[in-house]
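Read off the chains here:
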Amino acid sequence: MIKGRPAQALEGENLETKRWEDARHWISIYADLLEFKRGILDRVRRDVANLQVPAQKAAATDLKIIESQMQGYQVRLDLWYGRIWELQGLWVDPTGRVVRHQGGEAALTKREFQLLQFLLDHPHRYFTTSQILGQAWADPALFPEEVRNYVRRLRKILRDLAIPADLVNKPGRGYSLVFRGP
Amino acid sequence: MDKVKPPSGRPDVDAAQRGGDWTQGMDGEGIPGDSTLEHALYWRQIYTEILAMEEKVLDRIRQLMNTQSDEVRREVELTNVPVVVAQAERFRQRLGYWDARVVQLDGHHRKDR
């Protein structure tokens, strides 16, 4: 009756689908689930903080469960984003640092490619300038201006190849690659 | 305590097992039948608080579920609701033990139930 199944498919979910709409549907389901569980997690965290220590320990179980479920949903969400890129005809070659999309092709510099790959691997999540410096390039010593510069260059590449995604910037949250749909 | 099972590595399954096992107390809880009044009052308060929290969480889950798609509702019904219900039931049962112990030792009934 109880289902503990990180990264397992939900009923009716088929990652092999050829239909772009299916991919969008499941992306939206997992995004909703993550949002839902995030809301519950925040609520439980707030309530647990008001309990006495022994009860806090017992209630920590609830937190672990929700966190583990969220990790599983995030894995599925990432799989679906990967699938939607496939269905969309996006092809990324790390060896030659080449990106192809629907007949178009662009050769990227090392940093351009690292940034694009990082954002593709973590779609619809926001990263601050310092997170990008540390995680996408593993070089926190670089100046934040470098991020802005490479973001500009990536936006041009997305535009030139007609890749249906926007590299958006939200104040206080950072940058994110957001799929727009065909 | 022969009902206690080793952790399965799946927190929700472990929680469900614990939820179904009313003999399982918290760390340092001890046995109600051996406890002093002070100890019994303390643990009655602990279980009152955590049960209230679980009930609030369950209410919140059910409230939020109303606005979700069928898929999300089904998933939450399968993965969250049973665990919280099982936990709450266990805490309710444990509270009952401590309540009974307080009454036994003190003769006072809880006024807030």
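The coordinates are above.
Residues numbered from 1 in each chain as written. Chains lettered and ligands numbered in written order. Predicted model: local features only at pLDDT ≥ 70, side-chain atom pairs only at ≥ 80, totals over all residues. Heavy atoms only, no water.

> Go over the environment of W20 of chain A, please, and point to the residues and values.
Residues and elements named next belong to chain A. Inspection of the secondary structure assignment puts W20 in helix 1 (residues 20–48). Here W20 falls in the partly exposed class, since its relative accessible area comes to 24%. With 65 residues separating them along the chain, W20 and W85 place their C-alpha atoms 9.5 Å apart. (Helix = DSSP H or I, 4+ residues; strand = E, 2+ residues; numbered from the N terminus. Buried < 20%, exposed > 50% of the residue type's maximum accessible area, 1.4 Å probe, protein only.)

> Mind laying out the sheet that holds strand 1 (residues 90–93) of chain A, listing which residues take part and the relevant values?
All names here are of chain A. Strands sit in the order 1-2-3 across an open sheet of three strands; the sheet is antiparallel. Each having just a single partner strand, strand 1 and strand 3 (104–107) make up the two edges of the open sheet. Across the sheet, the axes of successive neighbouring strands diverge by a mean angle of 15°, strand direction being ignored. As defined by bridge partners, strand 1 adjoins strand 2 (residues 98–101) across four bridges and the pair is classed as antiparallel. Opposite L90, over in strand 2, you have H101 as the bridge partner. (Pairing = 2+ DSSP bridges. Axes fitted to C-alpha atoms, helices over the stretch in contact; angles between N-to-C directions.)

> How would you summarise the interface of chain A and chain B if you had to cite specific residues and measurements?
Accessible area lost during the coming together of the parts is what is often quoted as the interface size. In this complex, chain A contributes 35 residues to the contact, which on the side of chain B involves 37 residues. Approximately 3100 Å² of surface area, both sides summed, lies buried where chain A meets chain B, with 64% of it carried by carbon and sulfur atoms. Linking chain A with chain B are one salt bridge. A salt bridge links R74 of chain B to E11 of chain A; its shortest N-O distance comes to 3.8 Å. Counting across the chain A and chain B interface gives seven residue pairs in polar contact (both at pLDDT 80 or more). Among the secondary structure elements, those contributing two or more residues to the side of chain A that touches chain B are helix 1 and helix 2 (53–88) of chain A. Here the element with the most residues in the side of chain A that touches chain B is helix 2 of chain A; it accounts for 13 residues. (Contact = heavy atoms within 4.5 Å. Buried area = accessible area lost by both parts, 1.4 Å probe. Salt bridge = Lys/Arg side-chain N within 4 Å of Asp/Glu carboxyl O. Polar contact = N/O pair within 3.5 Å; in protein donor to acceptor, adjacent residues only side chain to side chain.)

> Account for the pairing of strand 4 (residues 165–170) of chain A, with residues named and values stated.
Within a regular strand, side chains alternate between the sheet's two faces. Bridging between strand 4 of chain A and strand 5 (residues 174–179) of chain A involves six bridges; their strand directions are antiparallel. Across the sheet, the residue bridging to A165 of chain A is F179 of chain A, located in strand 5 of chain A.

> Break down the nonpolar core for me, citing the residues and quoting the values.
Grouped together as the largest cluster of nonpolar side chains are 76 residues, with contacts concentrated most on L115 of chain A together with M26, I50 and I61 of chain B. What I50 of chain B contacts, discounting residues up to four positions off in sequence, is L51, A55, A58 and A59 of chain A together with M26 and F91 of chain B. (Core = buried A, V, L, I, M, F, W, Y, C linked by side-chain atoms within 4.5 Å.)

> Account for the packing of aromatic side chains, naming residues and giving values.
If you walk through the whole model with that rule in mind, you get eight aromatic pairs over all chains. Here W85 of chain A and F179 of chain A contribute two aromatic rings whose centre-to-centre distance is 4.9 Å and whose plane-to-plane angle is 85°, an arrangement assigned as edge-to-face. With W85 of chain A in helix 2 and F179 of chain A in strand 5, the pair connects residues that are 94 residues apart, well separated along the chain. There is no split in this pair, since W85 of chain A and F179 of chain A are both buried. Residues Y42 of chain B and W43 of chain B carry aromatic rings whose centres are separated by 5.3 Å and whose planes lie at 85° to one another, so their mutual orientation is edge-to-face. Accessibility expressed as a relative area gives 33% for Y42 of chain B, which makes it partly exposed. Aromatic rings pair up to connect Y42, W43, Y47 and F91 of chain B into one cluster. In this arrangement the basic side chain of R111 of chain A is found over the ring face of W137 of chain A, its NZ or CZ atom lying 5.6 Å from the centre. (Phe/Tyr/Trp six-rings, centres within 6.5 Å; stacked < 30°, edge-to-face > 60°. Lys NZ or Arg CZ within 6 Å of the ring centre and 35° of its normal.)

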